[in-house]
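# Reading the structure
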Amino acid sequence: MNGLRVVGKSVPRSDALPKVTGQAIYGADLSAPGMLHGKVYRSPHPHARILSIDTSRARAVPGVGAVLVASDVPAIRNGVYIDDEPILARDKVRYVGEPVALIAATTPDAADEALHLISVEWALLPVLDDPEAALRPGAVLIHEDWEHLTTHAELTRRENLCGYSRLATGDVDEAFRAADVVVRDRFRGHMVHQGYMEPRAALARIEPNGSITVWSSTQWPFDIRDQLAKLFSRPKEQVRVITTCVGGGFGGKIPLGVEHFATLLAGATGRPVKMITSTAEELTASYPRQGITVEIASGVRKDGTLVGRRARAVLDTGAYAGYGPYFASNVTNQLAGPYRIPALWLEGVAVYTNKTNCGAYRAPTAPKAVFALESHMDRVAQAIDMDPVEFRRRNIYQEGDVAPSGWKLEGVGLGETLEKAARAIGWGEPLPPWRGKGVACAWWATGGGSSSVVLTLNRNGTLSLASGNVEMGTGALTAGVVQILAEEMAVEPEDVSLITGDTDATPYDFGAQASRTVFSVGNAVIRAAEDLRRQLLALAGELLDVKPGRLEVSSGAVRVRGEAAAARAASYAALAEAGLSRGTPLIGRGSYIAPAPDYDPSVFTTHLKPYLASPSFHTHACEVEVDPETGEVRVLRYVVAQDVGFAITPQYVEGQIEGGVVQGLGFALSEEIVMRGGHVLNPNLTDYKMPTILDVPPITTILVEHPAPLGPYGAKNVAEPPCIPVAAAVANAVYHAAGVRVTETPITAERVLRAIRARATSALER
Amino acid sequence: MSRIPIGLDVNGVGREVLVDPSRTLLDVLRWDLGLTGTKENCLEAECGVCTVLVDGRAVNSCIVLAASVAGRPIVTIEGLARDDRLHPLQQAFIKHGAVQCGYCIPGMILAAKALLDRTPSPTVDAIKDALAGNLCRCTGYHKIVQAVQAVARGEFDGEGGLS
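These remarks concern the structure in this document. Here, residues in each chain are numbered from 1, in the same order as that chain's written sequence. The lettering of chains begins at A and the numbering of ligands begins at 1, in the order of writing. With pLDDT at 70 or above as the cut-off, local features in this predicted model cover only qualifying residues; side-chain atom pairs require 80 or more to be listed or tallied, and sums for whole chains, interfaces and linings still use all residues. Processing note: side-chain calculations cover all non-hydrogen atoms of the structure and skip hydrogens and water entirely.

### Some words on the sheet that holds strand 18 (residues 435–444) of chain A
Residues and elements named next belong to chain A. Strand order in the open sheet formed by four strands is 18-27-28-31, and the pairing between neighbours is mixed. Among the strands making up the open sheet, the edge pair consists of strand 18 and strand 31 (699–704). Each strand axis lies, on average, 15 degrees off the axis of its neighbour in the sheet, ignoring direction. One ladder, built from ten bridges, connects strand 18 with strand 27 (residues 616–626); its direction is antiparallel. Opposite Gly436, over in strand 27, you have Val624 as the bridge partner. Paired strands are those between which DSSP finds at least two bridges. In this text, helices come from DSSP runs of H or I with a minimum length of four residues, and strands from runs of E with a minimum of two, each type numbered from the N-terminal end. Lines are fitted to the C-alpha atoms to define the axes, a helix being fitted only along its stretch in contact, and any angle between axes, read from their N-to-C directions, falls within 0 to 180 degrees.

Printed below as a string of structure tokens:
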């Protein structure tokens with residue numbers, strides 16, 4: 001784009017300085033005078049009735065200020081779509097780690113000591129840790145009262161099935177009859193944690209008038225406020241949530257973490273209470289990415305044309321539904337993939353099991369569903385003896401194509417990403433033995449929801465932007481949005497200060513989630529800048545005695561269009577002063593909510609995500625080496641070609657892509673919350689293996705820019721999708737290196753070696 | 001256990017604190033001295049966010065007893081910028097886009113400082129070895145390596161104002 005001064009360039013983010021000097025304050029750093037430390041007593045059993053709880057010894061520990069059990073807290077049940085979760089377990093527990101009691105004490109040690117003195121009498125119940133078993137008729141019910149639970153959307157549910165969604169178009173049976181080949185596969189994806197370095201933390205205080213103040217490193221302060229208001233039967237205006245720096249979130253800091261517990265303990269003790277989760281709590285009782293089973297079948301003609309697909313994804317939601325019903329919907333979009341397929345029957349199923357409540361982790365449902373989809377795409381290509389890149393080339397969405405539910409796609413850069421990624425990885429070039437290359441494609445939505453901002457011109461000519469969004473680490477606010485504002489108001493980025501994430505002091509925002517911040521807050525800022533410019537031009541017109549239509553903003557001043565003379569200009573500082581002296585301060589306001597595209601609702605059954613708004617498009621490619629002796633997979637190099645629409649801050653867009661790929665590699669190769677019988681076997685960072693600096697390959701990033709018509713300067717979602725196609729690209733490369741197809745993540749050395757040996761054995765038997 | 005007085009030398013300043021001998025350096029830095037730039041997470045020396053320098057070496061302060069480092073020079077992230085000038089590593093991390101959520105960054109910068117103070121021109125492999133104990137979940141590490149390399153090349157030896 002021509003004539004742009006600030007956007008499209010890499011400028012330092014405004015929060016980098018406090019972060020490199022140690023001055024940035026995160027949730028974990030909070031403290032307050034007289035503060036107590038809160039801890040949670042959690043269930044040691046995956047499924048058990050609570051017969052009695054004895055807290056008398058815990059209460060007697062010196063320094064303990066309060067011990068709370070279910071009968072001490074509101075009897076309300078909470079949830080996103082289904083109100084199924086109590087604040088503290090009342091009659092029974094449904095997963096290991098479920099909160100049963102709360103303790104506040106003067107020191108963390110005293111709280112720990114009291115924790116160990118709580119005594120609960122249990123009656124153990126059968127454990128459901130397999131979603132397929134949970135779906136069988138006669139299975140033990142995780143929620144015996146499922147029929148009586150309050151719901152907040154039209155859902156299909158029955159017993160342990162807590163969400164069912166379908167996307168169906170065309171006649172799949174007919175398509176399969178007309179196909180030359182129908183390929184059927186089954187894949188499994190595993191449970192992983194978001195791995196943010198700052199544990200979830202909150203500090204709560206009850207104000208003298210009884211209102212609640214909570215400081216938290218949440219991604220979505222307005223939702224935390226709303227939930228606290230609901231749990232404690234307060235008007236929302238009597239709850240204030242103030243955000244700190246967020247030490248990584250990746251979706252895990254969207255739901256309530258410990259804010260409600262800190263609030264309860266603050267209420268019971270009359271003192272501020274701080275809570276912080278341990279690594280063991282994070283890995284057993286947080287909101288990880290759920291496990292999945294995908295059955296998928298595609299019909300294809302010999303010329304490579306996909307004619308139909310049937311697929312079913314079963315999501316292991318854990319003990320409470322949370323976002324499960326929504327994920328059951330979203331997964332169908334991922335099973336369709338960014339491909340033209342006339343007949344689809346795609347089902348998503350969310351199932352209760354005796355595990356922690358699974359949640360949102362960076363592009364929720366996509367990495368595991370796309371592992372299945374894109375592994376399957378390679379198998380389909382193989383079945384018709386076609387090159388995997390050529391097969392995708394013949395089926396991918398092109399500009400102007402229509403998505404399954406009838407909405408027209410615009411800004412489709414998928415073809416360009418495919419060609420550029422294939423070229424960069426050297427697709428088709430010969431390789432030595434045990435080396436292989438893999439490719440995988442994906443698409444992802446820009447999140448919707450409402451954003452409002454207030455823009456104030458300060459007396460020194462600088463600008464203050466108030467937004468209820470939160471900087472969660474990406475730079476979307478502290479770089480991207482700041483640059484958009486600087487561009488629109490003709491100032492420098494350092495002339496902009498931010499006030500963010502305070503439910504009393506900043507206007508509503510749907511939060512730092514769903515790769516929506518630059519898009520939604522950016523569009524709100526463009527509107528606020530229009531509003532402010534209009535006011536500035538009107539005032540300057542009066543002062544300079546020039547018609548506003550002849551004026552423009554430039555370099556922090558309003559000037560007469562086309563005139564160089566400084567005398568005919570009013571600086572922002574002078575205008576701010578003039579506005580104040582007249583009692584009309586210069587304040588711009590802007591709001592944005594992305595419009596829904598036109599779609600055909602008849603395609604869907606109880607579906608909560610009927611379109612992918614302003615989608616981004618992706619091709620990943622990698623080269624791996626497999627050790628035939630050990631099965632170990634080494635990723636030698638990695639290529640991402642991502643259609644970002646328009647890169648507002650190219651350096652930080654690259655940073656999102658590099659970080660997303662490395663999270664994807666963790667999911668693909670090494671990370672797993674290992675569970676047996678409802679117990680987590682590796683609740684520590686020694687055995688939960690996130691990639692270190694020694695584990696990452698060189699990553700080539702190629703930015704492709706097919707502007708999103710609604711995006712600010714054409715920008716579309718960036719941050720979540722780089723983690724989506726990674727496991728599939730690696731699995732496909734492993735196939736080409738070793739001739740074995742691993743159908744379950746993570747792609748460990750054990751699984752690869754087992755597959756290599758099985759192949760050798762079957763070759764011998766032939 | 002009764003508390004004992006110890007003298008800590010933190011960022012060149014002598015600090016007297018009365019501590020339980022079982023308390024960690026991390027705990028004392030953060031809660032007794034208010035130096036929350038040193039971060040806490042796993043508390044078992046796996047993540048590296050609590051890294052500080054003791055005698056110029058990078059240590060995980062979550063597994064070091066405060067009393068055991070009495071009198072020895074300790075450097076935390078708060079001690080790096082001097083006389084309104086950022087340390088070259090701080091400048092380079094900003095310039096190279098190596099900072100996202102920032103929670104690992106104090107530890108990462110101190111681990112890099114320990115390396116460069118001993119080995120001013122390290123290889124890429126040596127940089128990776130030195131930072132292998134510091135997890136970063138945001139960046140994918142590439143821009144961190146680039147930032148350390150740029151400092152090793154002397155690109156940030158000049159001015160680096162705090163404002």
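### Things to note about the layout of surface pockets
Taken as a whole, the second largest pocket encloses approximately 1400 Å³ of empty space. In this analysis the probe radius is 1.4 Å and the grid spacing 1 Å, with only protein atoms considered; a cavity is a set of points the probe fits into but cannot get out of, a pocket is an open set with protein on both sides within 12 Å along at least five of seven lines, and lining residues have an atom within 4 Å of a point. Lys39(A), Pro108(A), Asp109(A), Asp112(A) and Leu43(B) are, among the 44 residues lining the second largest pocket, the residues nearest its centre. Listed by contribution, the elements that provide at least two residues to the lining of the second largest pocket are strand 1 (36–42), helix 3 (108–116), strand 14 (273–276) and helix 8 (279–284) of chain A together with helix 1 (25–32) of chain B. Charged residues are taken to be Asp, Glu, Lys and Arg, nonpolar residues to be Ala, Val, Leu, Ile, Met, Phe, Trp, Tyr, Cys and Pro, and polar residues to be all remaining types, Gly included. Broken down by class, the residue content of the lining of the second largest pocket amounts to 18 nonpolar, 14 polar and twelve charged. Grid points are joined across faces, edges and corners, and a volume is the space filled by probe spheres set on the points.

### As for the environment of Val453(A)
Looking at where Val453(A) falls in the secondary structure, it is placed in strand 19 (residues 450–457). Residues Val453(A) and Ile499(A), spaced 46 residues apart in sequence, show a C-alpha to C-alpha distance of 10.0 Å.

### Some points on the interface of chain B and chain A
Think of interface size as the accessible area that goes away when the parts come together; that is how it is often given. In what follows, a contact means two residues having at least one pair of non-hydrogen atoms within 4.5 Å. If you look at the interface, chain B gives 43 residues, while chain A gives 55 residues. Once two parts are joined, some of their accessible surface, as seen by a 1.4 Å probe, is lost; buried area is that loss totalled over both. In total, chain B and chain A occlude about 3900 Å² of area from one another, counting both sides; carbon and sulfur atoms represent 59% of this. Considering only the surface of chain B that becomes buried against chain A, Gln100(B), Arg137(B) and His142(B) emerge as the three largest contributors, covering 20% of it. Just to be clear on terms, a salt bridge is a Lys or Arg side-chain nitrogen sitting within 4 Å of an Asp or Glu carboxyl oxygen. Applying the counting criterion to the chain B and chain A interface returns five salt bridges. Across the pair Asp29(A) and Lys39(B) runs a salt bridge whose closest N-O atoms are separated by 2.5 Å. As used in this structure description, the phrase polar contact means that two N or O atoms lie within 3.5 Å; if the pair is within protein, one of them must be able to donate a hydrogen and the other to accept it, and residues adjacent in sequence are counted only when both atoms belong to side chains. Here chain B is connected to chain A by 27 residue pairs in polar contact (both at pLDDT 80 or more).

Shape is all these values report; function is a separate question.
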